[in-house]
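Tertiary structure, described
Each chain, written out:
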Amino acid sequence: MISKVLLRMLLMSALLVALNFFYVRFGLPRDLKRYSPMVLRFDSVSAQAQLLYLGESSNWTTAPGDTDKRSISDMASAQLEHDQLIDFTEPATHASFYRRLLERIPEESDVHTVVVTMNLRSFGADWVHSRLEPQLERQMFLAEIKPSLWARLRLGFGSSVLDSPERQERIRNRLWALETLPPDMPYPSTRLWDRNLNERGWLDAARVRRQDSTELACHYVKSYGFSIDTATHPRIRDFDAIADLSRRRNWRLVFFILPENIRQAEALAGPELADLMRRNRDLIRDRYQNQGVEVVDRLEALPVSNFIDRDWTTEHYTLEGRKTAADALALQLRSKR
Amino acid sequence: MLFDSLEFLFFLPLVFGLYALFPKRSRWMLLLAASYVFYGFWRIDYLGLMLISTLVDWQIGLRLSRSENPSRRKMWLALSLLANLGMLGYFKYGRWIVENLNFVLPPENALGLPDVLLPVGISFYTFQTLSYTLDVYFKRVQAEKHLGWFALYVGYFPQLVAGPIERFDRLSPQLKESKSPCWTDVSAGLRLILFGLVLKSTVADSLAPAVDAFYAKPNDFGSTDAAIAALFYAFQIYADFSGYSLVAIGSARLFGVELMNNFAAPYRALSIASFWQRWHISLSTWFRDYVYLPLGGNRASAIHWARNILIVFGLSGLWHGANWTFSIWGLGHGLLYLLERRFSNLLSKTSKFVRWLGVQVSVVLLWIWFRSPDAQTAYNVFSRFGQLPDIPRLPLDSVALWAWFGLAAWEWGAGTQRFDELVGKGPIWLRWSIYAVLIYVLIAFSRPGGADFIYFRF
């Protein structure tokens, strides 16, 4: 029986090699279009860019009354004399995807400058383990895993290899419970902060509990109530790798710290949260400036009125907000290296 | 653990390899441990429920075998029924019962809804243990003295979560034999697993999006879409469940265990009676042996016989889920069965094609009740058929259409022959060409994030 098994295993291996060849030739192009459109779009965008802007929905989200619907990157691009800033915008993406996409740019590419948005909220457990993460991750499968037939098998059969949205939620809850905040914060963990805030409630001027504001305050705490451990944080690892890649490829790299609604965070959850946001910003800004990366820091640049979403934490700006952000970026890009 | 997951694709060869290496006398321990890992992978706390069911029925089986006192034996049987059906009732029907009670109770007396998750496979292993207790009670089998062997009978992983529902006298001796792997079993098992996975991951999962889109908002579609969705669902559920059963049968076959066939070309049936001899055979025979025959079967007056039929079909519908739509589906089949018997002379004079068409159209239309989450949705779906045919708007991709036609052709061409038997007869070049095509189809056309097995909900 053993010889029979061995012979068949050999036959099966040869068959799989042949099937992989067939798949790469005939099946993969179709599947990339269907399951990895983000990767194909990045390849197409990066092939025509010299200045590349990587961002998420903050780039192009507009308010209903905006008279100018241009994105941040388009507004910044209009202020550049010779170059055009071409954007790659994909909702909910972050440093991990930017790193892996940037690695795809071929050596002979014309790209010489890369702007990578740094969204402070993307460092929080709520984004690191977002419900959207598995579907974004799935888009990278066919582009990254070799042999392609194995990648396709994992795509079809490996739904549980990726964290399910439910598992992501469990991890988030655990991280919030374990998150150790600096000693001068009002609570030792994000979970306790959130729980106490929820129990105490957010009180208006008449000392009446407002449920909507309480929920929003708790959400602010969960979104920004974290401290960054530079040795282990996945975002730091990815931004470090982007900085390293840029050095190797001789790209001009700009990290663009996006505006956050820090004033509302302070009004709802207290000055300690705003302080924590500033400390985290300082940490990442200093870390990358020390590595020679240009950092445009607009964390506190916008007033509450420049944020579109008032009932959630987002980086979606009104026309004025986008313009302020774009002006700062354009100024940096126009400056000499 | 799901059959269509990477975990299972690693788990099965690992268990098989260890099984081959283990000495014969301790193989049952490996299989039992593997079965609990398989089940606990999904949710470890519900493993406790299965252990309770195992312990209760093992103990009751022993006590039944030791006692000759009829009233005492009845008491032990009642206890087993209470424990098994109580557990099933609480986890599967508790919420539904309370909802129905609240419908008739005044609002101020409304009961709180129990917040429980249906443990995967509970309907299957509960019926399996019930059949054991009933068989011991009626002295059809000897009680199992060894807890380990009994636990393996209840928890045997290939058929644990969605059947086939095996009887003790059929499965247990095979498990005890601890047969050493042989090439005939291994090749047949692998063929079945391959074909079962293609049915589930390629055929059923590619039909699912169109069906789901239609049932999410049936009023947005016309009669053509309603017909397509009905036909697609008939094939989706067939491919899904028969695919699962084939993987189960194939996996067991690797270990030298022959599980019963659960399907035998149901869409070729020329009568409702024949359909039920071909669809989910392990459940139909369970209801026949443990409900229909004890009720008197056909050895009763016409009225009582009709009552027995409707009870069996109604319960069979309700077994699938806590929803009136399932009961309507079951009772619909029961009524058609009775009509078929009533007009059997007339039907025997009609052509085979007309009979086949009548049966299959009825089956497809009754699936609408099965698939609809509530009666309103079923009504909305049926009302679509009152409209004139129009251009389909459902998201139909080529893979779904190929899958549908492929399965229809297989059903028509292969008939009741199983894939492993049919392909196993061919020359090696043909067999390997078929494997190559199926492996390619399985990998390249499986739908990412495909739906769970439909019968996991039951």
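Our structure's up above, just so we're on the same page.
In every chain, residue numbers begin from 1 and rise along the written sequence. The order in which chains are written sets their letters, starting at A; the order in which ligands are written sets their numbers, starting at 1. Two thresholds apply to this predicted model, a pLDDT of at least 70 for residue-level local features and 80 or more for giving and counting side-chain atom pairs, whereas whole-chain, interface and lining totals are computed over all residues.

Comments concerning the environment of P70(B)
Residue and element names in this part refer to chain B. The topology assignment puts P70 in helix α4 (residues 70-104). In this structure P70 comes out as exposed when scored by C-beta crowding, with 8 C-beta atoms within 10 Å. As a C-alpha pair, P70 and Y137 span 67 residues in sequence and 9.9 Å in three-dimensional space. Strands here are runs of E lasting at least two residues and helices are runs of H or I lasting at least four, both read from the DSSP assignment and numbered beginning at the N terminus. Any residue whose C-beta has 12 or fewer other C-beta atoms within 10 Å is treated as exposed, any with 20 or more as buried, and any in between as partly exposed, C-beta atoms being built from the backbone.

What about the interface of chain B and chain A?
Each residue gets a C-beta atom placed from its backbone, and two residues are in contact if those atoms lie within 7 Å. The partner chain A presents 21 residues to the 18 residues of chain B that form the contact. Within the residue set of the side of chain B that touches chain A, elements represented by two or more residues are α1 (6-21), α8 (183-216) and α19 (428-445) of chain B. Looking at side-chain class alone, the side of chain B that touches chain A contains 11 nonpolar, 4 polar and 3 charged residues. Only Asp, Glu, Lys and Arg are considered charged in this grouping, and only Ala, Val, Leu, Ile, Met, Phe, Trp, Tyr, Cys and Pro are considered nonpolar; every other residue, Gly among them, is considered polar.

So, the sheet that holds strand β1 (residues 51-55) of chain A
Residues and elements named next belong to chain A. A pair of strands is labelled paired if DSSP reports no fewer than 2 bridges between them. Strands sit in the order β2-β1-β3-β4-β5 across an open sheet of 5 strands; the sheet is parallel. The sheet is open, and its two borders are formed by β2 (85-89) and β5 (294-297), each paired with just one other strand. Strand after strand, the sheet turns through a mean of 20° between neighbouring axes, direction not considered. Where β1 and strand β3 (residues 113-118) come together, 4 bridges link them in parallel fashion. When the bridges of β3 are listed, Y53 appears paired with V115. With respect to the sheet, helix α13 (residues 271-290) is in contact with β3, β4 (252-257) and β5, its orientation differing from that of β5 by roughly 155°. Interaxial angle, 0 to 180 degrees, is taken between N-to-C directions of lines fitted to C-alpha atoms, where a helix line uses only the stretch in contact.

Looking at the pairing of β1(A)
All names here are of chain A. Burial runs high along β1: 5 of the 5 residues are buried. Here β1 shows two buried faces, one formed by L51, Y53 and G55 and the other by L52 and L54. As paired elements, β1 and β2 share 5 bridges and run parallel to each other. Pairing of Y53 across the sheet is with D87, part of β2. Of the crossover connections in this fold, the one passing from β1 over helix α3 (residues 72-78) to the parallel β2 is right-handed. A crossover gets the label right-handed when its path from the first strand over the helix to the second runs clockwise, viewed with the strands pointing away from the viewer.

Topic: α19(B)
Between its first and last C-alpha atoms α19(B) spans 25 Å; for 18 residues at 1.5 Å apiece the expected length is 26 Å, and the two agree. At its buried positions, α19(B) is contacted by α1 (2-35) and α7 (148-157) of chain A together with α8 and α17 (398-414) of chain B. Expected helix span is computed as 1.5 Å times (number of residues minus one).

Observations concerning the nonpolar core
Think of a nonpolar core as buried Ala, Val, Leu, Ile, Met, Phe, Trp, Tyr and Cys residues, each tied to the set through C-beta atoms within 7 Å. Ranked by internal contacts, the top residues of the largest apolar core, which has 200 residues, are F256(A), L329(A) and L207(B). Sequence-distant contacts of L207(B), that is, excluding residues within four places in its chain, are made with F232(B), F235(B), Q236(B), A400(B), A403(B) and W404(B).

Some thoughts on unusual backbone geometry
In this structure, the amide linkage connecting K146(A) to the following residue, P147(A), adopts the cis form with an omega of -5°. Checked against the element boundaries, P147(A) lands in the loop between α6 (133-144) and α7. Unusually for a residue other than glycine, A265(B) sits at a positive phi of about 50°. One can find A265(B) in the loop between α9 (223-254) and α10 (272-278).

In short, the description is geometric, and any link to function would need to be established separately.
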